[in-house]
Each structure stands twice: as C-alpha cells, then as structure tokens.
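Inside the fold
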Amino acid sequence: MSICRWVLVAIALTGATGCVTRPPTIAHVHIGHALSGVHVTPGQEGYLLVAEARAAVVRDLARKAAAADSLPKIKADVASAVEATTSNDGFGLKHSLVQASNHITFAATSEDASTNIRASAPRFAEHIVRVVERCELIGLLGKDVAATTNVSEARTLAAEISTLAAQNMSGEDSDGDGLIGGKPPEYGMQQLRRELDQMIAREDPPYRVVDQSYLFNLVRLPNGRWVFDKFKRGGNIDGYK
Amino acid sequence: MATSKRQSRLTTGLWACALLTSMHAGVSMAHDGKSTCDATGQQTSLVNARQSLERSPRDLQARLDLAEQLVKASCYEDAVHVLQDGETLHPRNQQLQTQLQTARSLIKERQFFEGLDQAEIAAQVSRHVLRCTRFGDVAACDQALALKPNDVAILLAKGEALIKAEKPIEALEAYGRAAALDPSNADVAAKTKTAQTLRTTLETRCAQTDGDAALAACESVFRTDSPNGFELARRIGVLHQGGNRPSKALEAYIAANSLRRGDKAVALAILALVDSTGRSDAAALSARGSSLVTLGRTRDGLTSMRQALALAPELPGLANQIEGAERLLKQEDRMRESQQNERDTRGEPATVAANTATRTYSNLQPASHAN
C-alpha cells in the first residue's frame with residue numbers, strides 16, 4: 001500500500017512537473033513572430049516564412065514573364081511578381097522581410113533579451129538591405145514594363161527582374177569570388193534564414209518554438225512593458241503601431 | 001513622399017514602442033527615425049541641462065536630464081557618451097542603463113532607416129543605369145548622375161548611350177568629366193577616341209552630303225562654342241532652306257550671324273528669310289539690322305536694330321552693335337563729306353544722298369555646299 005502510495009506520489013510529481021511549463025521570454029515571442037506565427041499575416045505564419053514564400057512566388061512569376069512571348073503576358077506576369085514583391089497590404093516580400101527584421105529588433109530591445117540576440121539583431125537588420133534593394137529595383141523595373149509598348153524592351157526587363165528574383169532567393173556572386181551569398185551585399189533569403197537559424201542555435205537557454213497562445217496574446221501595457229494576456233483576447237499587435 | 005513613407009515605416013512597427021518604453025513620450029514622438037543632431041541650435045533646455053551637469057558632475061539626475069535633452073535633439077551619440085561617462089560614477093544604476101540602452105537603440109534605428117533609404121536610392125541608380133546602358137536612354141543616364149554625380153561608370157554609360165544616339169559632343173563632355181574624375185582610366189581614353197572619330201565622321205557627312213541625314217549630322221555636332229560653330233550653323237541654314245523650312249533656316253542663319261558677323265552670304269539669306277517669313281520680333285529685326293550693316297546699308301540697319309532694341313532692350317549684344325553701327329555711320333558720313341569737298345574743289349556736281357541703296361540685293365539663297 002505504501003509502495004503504491006509512493007508510486008502515485010511519484011507519478012503525480014512527474015505529471016505536475018510536465019504540466020508546469022515556463023512561459024517563453026518576451027524576446028523569444030518576438031522572434032516567434034518572425035519565425036513561427038503572427039495573427040495578422042495570411043495563414044498566420046511568421047513574417048520570415050511569409051517572406052520566404054513570397055520570394056519563391058516572385059521567382060516563379062518572373063521566370064514565367066521572362067519566358068513569355070507576348071507583351072500582354074509579360075506585363076501580366078511582371079505585374080503579379082511586382083505585387084508579390086512590393087505590396088504592403090498583401091504582405092509582399094519586402095514588407096514581410098522588413099517586419100521580420102523589426103520583430104527581431106523588438107526581441108533585442110526586450111528586457112529579457114540575451115546578449116546574443118542583442119548583438120545579432122542589428123546585424124540582421126543591416127543584412128536584409130540587399131534583398132530590400134532588389135525588391136525596390138523589381139518595383140521600378142516593373143513600372144517600366146507596365147509603361148513600355150516595346151516587346152523587346154519588356155523582355156529584357158523581365159529577364160532582369162527574373163535574375164533579381166532568383167538572387168532574392170539564393171543570393172548572388174557580385175564580387176565574382178565564386179561564392180554565392182558569400183557576404184551580406186550578396187545575400188538572399190537563404191542566407192538570411194541561415195543567419196537567423198544560427199542566432200537561434202546560439203541561444204542559451206535554448207530557443208523553443210513558441211506556442212501560439214503566447215504568440216497571439218502578447219500585450220503591451222501603457223507603461224511600455226510586454227506581458228501575456230491571461231484572457232487570451234488576441235493580444236494587441238496593434239501595440240506595435 | 002519620403003517623409004510619409006518613413007512615417008509609414010514607423011507606424012508599421014519597429015522600434016517606436018519597444019525602444020521607447022522607458023523614455024518620455026515627447027522624446028519618442030519627436031523622433032522620426034532619421035533625424036540629425038541639432039545641438040548646434042543650443043536650445044535653452046539643452047544649454048541649461050549641460051550647465052547643470054557641469055556644475056554637479058556627480059549628480060545622476062542632471063546627467064539623465066542632459067542625456068534626455070540630447071536625445072530630444074537627436075544627438076544620440078552624444079547622449080550615449082554622457083551616459084557612458086556616468087557608468088563609472090553610478091555603477092549598476094538601472095535608470096541610467098535603461099536610458100543608455102535606449103540611446104544605443106535609437107542610433108541603431110537611425111542606421112536601419114538610413115540603410116533602407118540607401119537601398120531605395122541604390123535601386124533607383126541601378127534602374128537608371130540599366131536603362132542607360134541597355135536601351136541607350138540618355139534621360140535615365142542623367143537621372144542616375146543626378147543621384148551619383150561623380151560616378152565614372154555612369155558617365156561612361158552615358159557616353160556610350162550618346163554615341164549610340166550619334167551625339168559625340170555630349171559624349172565627349174561626359175568622357176571629359178569621367179577623365180577628370182579618373183585620369184588613369186584607360187576605358188575613358190579609348191571611348192574618348194571613339195567619340196572623336198564619330199565627331200569627324202559626322203562633320204564630314206554634314207559638309208559633303210545633302211538631305212535629312214546631312215542635317216541630322218550637322219545638328220549632332222553643332223555647338224555654338226566649337227571652333228567650327230559658324231560653319232556648321234550656316235550649313236544647317238543651307239540644308240533647312242534646301243528642305244523648304246524657312247523658319248528653321250532663318251534660326252540657323254541668325255545663330256551663324258551671332259557667331260560671326262560680316263558674312264555676306266549669311267546676311268543675304270537673313271534679309272530674304274526675314275521678309276519671306278514675315279518675322280518682326282526683336283531677334284529677327286536685330287539680325288536684319290546687322291545683315292543690312294554687313295551689306296553696306298548702315299542707316300537702314302540702324303533703324304532695324306533700334307526697332308529691335310525698343311522691343312527687347314535686354315537682347316544680348318544689341319546695344320553694342322548699335323553703338324558700332326552708329327560709329328560706322330559717322331565714319332561713312334565723314335568720308336562722304338570729305339569726298340564731296342574734294343569734288344567741290346574740282347568743281348564736280350554733288351552725288352545722290354548717301355543712304356540711298358546703291359546696289360540691289362537679290363534673294364538668292366546661299367545654296368552651295370561651299371557656303
């Protein structure tokens with residue numbers, strides 16, 4: 001009987017231990033908004049995931065545009081590629097990536113941020129610039145495609161957009177050293193993802209995928225502190241504004 | 001546009017809240033993400049805060065107040081220095097650390113926005129360079145140079161676009177600028193030679209052929225300040241006349257006349273074309289007057305030039321021309337008087353009044369290439 005009692009106590013204790021999960025740090029929740037999920041994006045995916053998906057869509061559309069023969073087809077595909085690149089409301093590549101960087105920065109400025117995150121966030125913000133630049137250029141060239149009546153010019157521009165879109169995915173070798181994405185001015189989404197993965201791997205205590213209830217219920221109090229809404233009312237992501 | 005874009009970036013997220021949680025609202029609202037340090041203005045509050053800290057360097061509140069004023073003035077680096085100096089005096093002070101962290105974050109924020117702005121500018125330059133090099137779009141070259149005026153690569157691209165457009169003079173200007181920026185650039189020297197060769201080819205085409213091709217060649221190498229500007233302007237006039245474009249021909253002859261006065265063929269053409277086009281504006285009247293003087297009708301020329309002066313007193317060089325013509329007229333009058341006196345002494349009869357035209361002028365066009 002006493003053995004049974006001890007077994008029950010042991011089970012209860014281990015069970016209790018299993019149930020008592022510590023909430024993630026605020027810094028990790030902000031990182032989760034970039035890497036896991038945030039309730040304002042399509043599919044409530046993290047900003048970086050949205051950016052990666054958009055980069056792939058842009059690459060495919062631009063490739064189609066570059067292979068098209070007729071001017072209307074080139075224009076239509078380029079317009080779609082530009083939309084997926086530069087749209088703010090539609091969470092285009094540029095907007096999503098900048099938002100991802102913003103949230104990494106939020107993490108870095110949280111009181112509970114690790115030294116690792118504080119050091120890595122500004123670097124990441126600096127390293128997204130080349131992708132942002134390509135996005136801007138895609139937008140400008142897209143306007144030129146929309147304006148032209150010359151199919152040859154449109155084809156040349158579409159090919160250029162296609163190259164930029166591919167570089168936004170995989171990076172480029174602008175200095176001709178044989179390394180694609182070897183340095184930040186050559187980065188694409190793959191290199192940026194690797195950089196964030198490396199930042200996460202360095203976290204101590206380790207970063208764990210943040211549960212949605214934390215991701216979607218982060219609240220900023222009037223005094224500026226971030227806390228979790230116990231009543232799970234959806235957080236106030238608007239607090240970011 | 002740029003401001004609203006920046007504001008929209010701010011409102012979409014980032015630092016504006018998290019960074020500023022520990023700062024006063026006034027500080028955060030004053031910050032636009034890319035302000036520049038404005039301490040030179042020496043606002044009273046900033047001066048007071050600085051003096052207060054100078055009086056009591058160990059006073060934490062005075063240090064925090066000065067840092068806050070510096071942040072308000074967007075002098076984030078200065079704020080960081082003031083707070084860092086306080087770290088030894090007030091080790092582990094939470095308020096100082098928080099304010100220091102915020103000031104550092106604001107520096108990073110500014111760098112972030114600068115990076116995005118630079119990305120936007122770099123994209124614009126790339127777009128313009130692409131259009132300049134691939135499509136020979138000279139306007140795009142100029143747009144790129146407006147953003148990066150001392151970029152040798154863009155100047156070379158512009159030169160190439162201008163050579164494609166058969167505009168060697170402008171190309172030479174672009175290469176000249178490139179050479180001044182990078183004198184040892186072999187590419188610049190090679191391209192300059194190409195432009196010079198093109199210029200010679202076009203000058204030959206201008207002088208030795210006819211029709212639109214010749215006219216285009218002349219116009220592409222014509223510059224008022226070039227040594228052969230007069231010859232080219234006159235040739236353009238001839239070609240326009242040949243193409244039955246009297247207004248344009250007159251413009252070209254007026255240009256030629258302004259570059260070198262005294263050419264009788266040009267003067268004749270101007271007289272004929274002013275009459276045939278019916279132009280009576282100041283430029284046309286001035287050119288007519290100058291042409292009449294060239295052809296020996298100084299008094300008529302003066303009348304025409306004075307009419308031009310009445311219409312446009314500021315017309316360049318006109319007042320000087322009138323002065324010159326008046327001097328010439330006096331000389332002519334004196335010569336006539338002296339000739340008359342000689343005749344009188346010899347007992348010969350008086351001649352007809354001097355300002356009467358002593359010869360007639362045909363409207364013959366100076367149509368040959370030799371003109």
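Note that this is a predicted model, so its numbers are computed, not measured. (Residues numbered from 1 in each chain as written. Chains lettered and ligands numbered in written order. Predicted model: local features only at pLDDT ≥ 70, side-chain atom pairs only at ≥ 80, totals over all residues.)

1. Comments concerning the overall build of chain B
When you go through chain B residue by residue, the secondary structure sums to 18 helices and zero strands. A burial count over chain B gives 39% of its 371 residues as buried. For chain B, contacts bridging at least 24 residues in sequence account for 51% of all contacts bridging at least 6. (Helix = DSSP H or I, 4+ residues; strand = E, 2+ residues; numbered from the N terminus. Buried ≥ 20, exposed ≤ 12 C-beta atoms within 10 Å, placed from the backbone. Contact = placed C-beta atoms within 7 Å.)

2. Digging into the overall build of chain A
Within chain A, the regular secondary structure consists of 10 helices and two strands. What you see in chain A, going N to C, is helices and strands ordered as α-α-α-α-α-α-α-α-α-α-β-β. When burial is assessed residue by residue, chain A has 46% of its 241 residues classed as buried. The contacts of chain A with a sequence gap of at least 6 include a subset with a gap of at least 24, amounting to 58%.

3. What to know about the packing of helix α9 (residues 152-164) of chain B against helix α10 (residues 168-181) of chain B
Residue and element names in this part refer to chain B. Contact pair α9 / α10: the axes reach a minimum separation of 8 Å and the direction vectors enclose 165 degrees. Taken together, the axis directions place α9 and α10 in an arrangement best described as roughly antiparallel. The handedness of the crossing between α9 and α10 is left-handed. In contact with V152, L155, L156, K158, G159, L162 and I163 of α9, α10 contributes P168, E170, A171, A174, Y175, R177, A178 and L181. For the contact of α9 with α10, the per-class residue count stands at 11 nonpolar, one polar and three charged. (Axes fitted to C-alpha atoms, helices over the stretch in contact; angles between N-to-C directions. Parallel < 35°, antiparallel > 145°, perpendicular 65-115°, else oblique. Left-handed = near helix turned anticlockwise from the far one by under 90°. Nonpolar A, V, L, I, M, F, W, Y, C, P; charged D, E, K, R; others polar.)

4. Looking at the environment of L218 of chain A
With respect to the helices and strands, L218 of chain A occurs in strand β1 (residues 218-220). Placed 189 residues apart in sequence, L218 of chain A and V29 of chain A show a C-alpha to C-alpha distance of 8.0 Å.

5. Brief notes about the packing of helix α3 (residues 47-67) of chain A against helix α8 (residues 151-170) of chain A
To characterise two packed helices, one gives the angle between the axes of the helices and the distance between these axes. All names here are of chain A. Orientation of α3 relative to α8, taken along the N-to-C sense of each, is 155 degrees, at an axis distance of 8 Å. By the criterion of interaxial angle, the relationship of α3 to α8 is roughly antiparallel. Remark: the crossing between α3 and α8 carries left-handed chirality. When α3 is examined against α8, the residues A55, A56, V58, R59, A62, R63, A65 and A66 are found in contact with a partner set consisting of A158, A159, I161, S162, A165, A166, N168 and M169. When its residues are assigned to classes, the contact of α3 with α8 shows 12 nonpolar, two polar and two charged.

6. As for unusual backbone geometry
P205 of chain A follows D204 of chain A through a cis peptide bond whose omega is 0 degrees. Structurally, the position occupied by P205 of chain A is in the loop between α9 (189-201) and α10 (212-215). Despite not being glycine, F91 of chain A has its phi angle at roughly 50 degrees, a positive value. Topologically, F91 of chain A is positioned in the loop between α4 (71-86) and α5 (93-109). According to the C-beta neighbour criterion, F91 of chain A is buried, with 21 such atoms within 10 Å. Although it is not a glycine, R92 of chain B sits at a positive phi angle of roughly 60 degrees. Assignment of secondary structure puts R92 of chain B in the loop between α6 (76-89) and α7 (94-135). According to the C-beta neighbour criterion, R92 of chain B is exposed, with 7 such atoms within 10 Å.

7. Things to note about the environment of S101 of chain A
In this fold, S101 of chain A is placed in helix α5. Excluding anything up to four places from it in sequence, S101 of chain A contacts F124, A125 and I128 of chain A.

8. Quick word on the confidence of the model for chain B
Residues and elements named next belong to chain B. Averaged over all residues, the pLDDT of chain B is 84; the fraction at 70 or higher stands at 83%. Low confidence marks residues 1-34, where pLDDT is under 50. Its contacts with residues over four positions away, or in another chain, come to 56 contacts. Predicted complex, confidence summary: ipTM 0.82, pTM 0.68. (pLDDT = per-residue confidence, 0-100.)

9. Section: helix α15 (residues 264-277) of chain B
All names here are of chain B. When the terminal C-alpha atoms of α15 are compared, their 20 Å separation across 14 residues agrees well with the 20 Å that a helix rising 1.5 Å per residue should span. Along α15, 10 of the 14 residues are buried, which leaves the element largely enclosed by surrounding structure. On its buried side, α15 packs onto α13 (229-242), α14 (246-259) and α16 (282-294). Backbone geometry just after α15 places G278 at a positive phi near 70 degrees. (Expected span 1.5 Å × (residues − 1).)

10. Quick notes on α7 of chain B
In this model, α7 of chain B (42 residues) spans 60 Å end to end at C-alpha, consistent with the 62 Å of a helix rising 1.5 Å per residue. Looking one or two residues beyond α7 of chain B, the residue adopting positive phi is G136 of chain B, at roughly 60 degrees.

11. Structural notes on the nonpolar core
Membership of the largest hydrophobic core comes to 68 residues, with the highest contact counts inside it found for A81, A158 and I161 of chain A. In this structure A81 of chain A touches V58, L61, A62, A65, I138, I161 and A165 of chain A, once residues within four positions along its chain are discounted. Ranked by size, the runner-up nonpolar core spans 65 residues in total, among them C132, L239, V266 and I322 of chain B. (Core = buried A, V, L, I, M, F, W, Y, C linked by C-beta atoms within 7 Å.)

12. Side note on the environment of S152 of chain A
Residues and elements named next belong to chain A. Note that S152 resides in helix α8. Its 10 C-beta neighbours within 10 Å are what place S152 among the exposed residues. Expressed as a C-alpha distance, the spacing of S152 and S70, which sit 82 residues apart in the sequence, is 9.8 Å.

13. Points about the confidence of the model for chain A
Residues and elements named next belong to chain A. A residue-level look at chain A finds 84% of positions with pLDDT of 70 or above and a mean pLDDT of 86. Segment residues 11-19: pLDDT under 50, and zero contacts once partners within four positions in sequence are set aside and those in other chains are kept. A low-confidence stretch, residues 237-241 stays under pLDDT 50, and its non-local contacts, those more than four residues away or across chains, total 10 contacts.

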